[in-house]
Amino acid sequence: AKPTVPSGVEMTPQDLVEKIKSNKQARRGILVGWHFVAAYCISLCEYSRQRLARMTASGIENPDSQMGAYAMNPQDYDQFATMLDPMIRDSHGIPTDVDIAPQNDWDTGGTACDLGAIDERLKDVSMRVRVARNVSTFPLPGAMSREQRVAFESVAAQAFAKLIEDPAFGGQYLSITPGSPHEIDADEYGQRVQAHQMFKDMSTDPYLTVAGISADWPHGRGMYVSRDEDFLVWVGEEDHLRIMAMQHGGNLNVLFERLRAGLETLTGLLPPFATSPTYGNVTSCPTNLGAGMRASLHMKLPGLTSHGSDLTRLKREAKKIGLSVRGAGGEHSGAGKDGRVDISPSARLGAT
């Protein structure tokens, strides 16, 4: 099918070039500006140029973006590789002569990854590993209509119904779509957000709003949670699916195996996932391409956050050792009052 172009973005070649040029001058570090080639943009047909304008809209309107672009369709990464590939390699630190597509290996049998064995204090952490996946039969979230969001949620709910019947999972599907047969009320939604299970209101995020990813909130959104609340799947967030395993305690081997088993089971219940021959699994944000994986833990670091929301010092120190820091409430949030933060490896694509 021909890739869709969300409405609301109409630009001449000159407009697009000037907007991205001014963005580059405002903040040198934004990758969509740094790697933008005006001649390439002007050479595109109008249809392709409007697609490019939609992909870069969030970066243009949010000069503090890091990447500055979101894919709208699974084909975007290959069709717009002239601009996106240098951005992706820059972001992930991958030379131009190195193959990117990851070779996934789920076997952790030869590696002990128990943090508690390293330091007793690391037994008291909350860990999760998640993968992002998008099915190939729908546009990516930034280009979906309300009808498509609800339709995809229905597809996912049918898969969860079978997962719920599996003794290894059980659980329930919780929807925040108005009128859904699985709809939960505002109180339960708030409780799930506070428990760091459900994702927060996306309509307040300026990056996702301009990208169209948070459009039609809360239609088409929800969460599957297993009986033991150790396997969760977000529906309709930044990607079609965020599939994750979580636990209290520091044994990553156990957590990783739970995710592998859940992902393989769910894969057999859904349409094929969107992939790129160059990058692996396709995601909305180029920072999540490939394995689509992010392993993180919540821990209390009050001495590095001054018991407040300021993450400046911690982010600076973490970057030196290849780590990324988010607030306890996820991306674009601050630390918890007890200094609780979310820490993960910075490497995504190009890491085994």
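Residues numbered from 1 in each chain as written. Predicted model: local features only at pLDDT ≥ 70, side-chain atom pairs only at ≥ 80, totals over all residues. Heavy atoms only, no water.

Trainee: Break down the sheet that holds strand β1 (residues 126-133) for me, citing the residues and quoting the values.
Mentor: Strand order in the open sheet formed by eight strands is β2-β3-β4-β5-β1-β8-β10-β9, and the pairing between neighbours is antiparallel. Only two strands of the sheet have a single partner each, and these edge strands are β2 (172-175) and β9 (323-327). Sheet twist, expressed as the average angle between the axes of neighbouring strands with direction ignored, equals 25°. Bridging between β2 and strand β3 (residues 222-225) involves four bridges; their strand directions are antiparallel. Bridging across to β3, Tyr173 finds its partner in Tyr224. Each of β1, β4 (231-235), β5 (241-248) and β8 (293-300) is contacted by helix α11 (residues 252-267), which is oriented at about 150° to β5, the strand it contacts most. (Pairing = 2+ DSSP bridges. Helix = DSSP H or I, 4+ residues; strand = E, 2+ residues; numbered from the N terminus. Axes fitted to C-alpha atoms, helices over the stretch in contact; angles between N-to-C directions. Contact = heavy atoms within 4.5 Å.)

Trainee: Any chance you could break down the environment of Ala117 for me, citing the residues and the numbers?
Mentor: With respect to the helices, strands and loops of the structure, Ala117 is situated in helix α7 (residues 115-118). On a C-alpha basis, the gap between Ala117 and Arg49 in space is 54 Å, while along the polypeptide they are 68 residues apart.

Trainee: Account for the pattern of salt bridges, with residues named and values stated.
Mentor: Within the structure shown, the criterion is met by 18 salt bridges. Ionic pairing is found between Glu257 and Arg260, a salt bridge with its closest N-O pair at 2.4 Å. Placement of both Glu257 and Arg260 in helix α11 is noted, with a separation of three residues, approximately one turn of the helix. With a closest N to O distance of 3.4 Å, Lys320 and Glu317 form a salt bridge. Of this pair, Lys320 and Glu317 both sit in helix α13 (residues 312-320), three residues apart, roughly one helical turn. Looking at Lys320, the relative accessible area reads 60%, which means it is exposed. A relative accessible area of 32% means that Glu317 is categorised as partly exposed. In the salt-bridge network here, residues are joined through shared partners; they are Glu237, Glu238, Asp239 and Arg242. (Salt bridge = Lys/Arg side-chain N within 4 Å of Asp/Glu carboxyl O. Buried < 20%, exposed > 50% of the residue type's maximum accessible area, 1.4 Å probe, protein only.)

Trainee: Just give me the short version of the pairing of β3, but keep the residues and values in it.
Mentor: Burial of the side chains of β3 extends over both faces: Gly222 and Tyr224 are buried on one face and Met223 and Val225 on the other. In the sheet, β3 pairs with β4 via four bridges, with the strands oriented antiparallel. If you follow Met223 over to β4, its bridge partner there is Trp234. Counted between consecutive antiparallel strands, the loop separating β3 from β4 contains five residues, among which Glu229 sits at a positive phi close to 55°.

Trainee: Residues and numbers for the environment of Ser48, please.
Mentor: Relative to the helices and strands, Ser48 is located in helix α4 (residues 46-61). Residue class for Ser48 comes out buried when judged on its relative accessible area of 16%. Once the C-alpha coordinates of Ser48 and Asp76 are considered, the two residues, 28 residues apart in sequence, prove to be 9.9 Å apart.

Everything listed here is a matter of geometry and, on its own, says nothing about what the molecule does.
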